[in-house]
Amino acid sequence: MDQKITSEFDKSAMIYFQSSAGNYALDMAMWMITEIGDVMWLVLFSIVIFVIRRTRRIGLILLLSLVAGTIGAGYLKGYVVDNPRPNLEFMGSTLPGDIGRDTFVLGTDGSFPSGHAARAAIIALILGFALSQRFPKWCYLIWIFPVLESISRVYVLQHYPMDVLGGTVFGILIAGVIGKKLKLYDIFKKSEPEL
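Quick look at the structure, then.

**Some details on the nonpolar core**
Line of reasoning, step 1. Ranked by size, the top nonpolar core spans 25 residues in total, and within it Ile58, Leu62, Leu66, Ile122, Ile123, Ile126 and Leu127 carry the most contacts.
Line of reasoning, step 2. Those elements that place two or more of their residues in this core are helix 3 (39-51), helix 4 (56-80), helix 5 (115-131) and helix 7 (161-181).
Line of reasoning, step 3. A per-element tally of this core places helix 5 first, with eight residues.
Line of reasoning, step 4. Every residue in contact with Leu62, bar those within four places of it in the chain, is listed here: Phe45, Ser46, Ile49, Ile122, Ile123, Ile126 and Leu127.

Take a look at the structure:
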């Protein structure tokens, strides 16, 4: 039996989001948020951070994590899990562009895990850690980004709720492993004076 345990929840959530679309401002906001999570924009952002000398290590870790997360999610959704995307048409406002699908990386079109949610979690984990020394009380606000990205992917009917949850967990794991291997925690070490 090839049924997901959460299939009823996923279906009811998708039908709810399909029926709630139609508010022009909300539709545009969700479309813009989902497009921000596109691999192109986030890789460009990490390259900019990498070019700045002071943030070079963070940029490198971010860039490698985003590439690994995108390829890993694409591989999982196309060749391991092979769960089809929701088969619903977005009934909301006419959007200025197509809704982004990043599974073209490996020529697949699966749904689980969400690459957008994985990349958003990678951004939040790495930048949240990098900002934690300077803004200890406010650094957690960056987690609003993966929450909004995940909601937007379900809202525009590209993923089921469990896909974005899986993508978030996958992104956290990728960022954690790469951050540890490349010693992200060393960014806070002060250089000790030589004697």
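**Quick notes on the packing of aromatic side chains**
Line of reasoning, step 1. A full pass over the atoms with the stated rule returns zero aromatic pairs.
Line of reasoning, step 2. Between the NZ or CZ atom of Arg56 and the centre of the ring of Phe50, over which it lies, the distance is 5.6 Å.

**A look at the side chain of Thr34**
Line of reasoning, step 1. In this structure, Thr34 sits in helix 2 (residues 24-36).
Line of reasoning, step 2. Apart from residues no more than four positions distant in its own chain, Thr34 is found in contact with His116, Glu149, Ser152, Arg153 and Val156.

**Brief notes about helix 7**
Line of reasoning, step 1. Helix length check: helix 7, at 21 residues, gives a terminal C-alpha distance of 31 Å against a target of 30 Å (1.5 Å per residue), a fit within 8%.
Line of reasoning, step 2. The inward-facing, buried residues of helix 7 contact helix 1 (7-20), helix 4, helix 5 and helix 6 (144-155).
Line of reasoning, step 3. Taken from the residues just after helix 7, Lys183 is the one with a positive phi, measuring 55°.

**Comments concerning helix 4**
Line of reasoning, step 1. With 25 residues, helix 4 extends 34 Å between its outermost C-alpha atoms, agreeing within 8% with the 36 Å of an ideal straight helix rising 1.5 Å per residue.
Line of reasoning, step 2. Of the residues trailing helix 4, Asp82 is marked for its positive phi of about 50°.

How each quantity is defined
Every chain begins its residue count from 1, and numbering advances along the sequence as written. Reporting of local features is limited, given that this is a predicted model, to residues whose pLDDT is at least 70; pairs of side-chain atoms are given and counted only at 80 or more, and all residues count toward the totals for whole chains, interfaces and linings. Hydrogens are left out, water is left out, and the side-chain values use all remaining heavy atoms of the structure. Nonpolar cores were defined as sets of buried Ala, Val, Leu, Ile, Met, Phe, Trp, Tyr and Cys residues, with membership established by side-chain atoms within 4.5 Å. The buried label applies to any residue whose accessible area, calculated with a 1.4 Å probe on protein chains only, is under 20% of its type's maximum; exposed applies above 50%, and partly exposed to all values in between. Here a strand is any run of E in DSSP of at least two residues, a helix any run of H or I of at least four, and the numbering for each starts at the N terminus. Note on contacts: a residue pair is in contact if any heavy atoms of the two residues lie within 4.5 Å. Note on ring pairs: Phe, Tyr and Trp rings are taken, using the six-membered ring of Trp, and paired if centres are within 6.5 Å. Classes follow the plane angle, with under 30 degrees stacked, over 60 edge-to-face and the rest tilted. Only when the NZ atom of a Lys or the CZ atom of an Arg is both within 6 Å of the ring centre and within 35 degrees of the ring normal do we say a charge sits over the ring. To estimate how far a helix should extend, the number of its residues minus one is multiplied by 1.5 Å.

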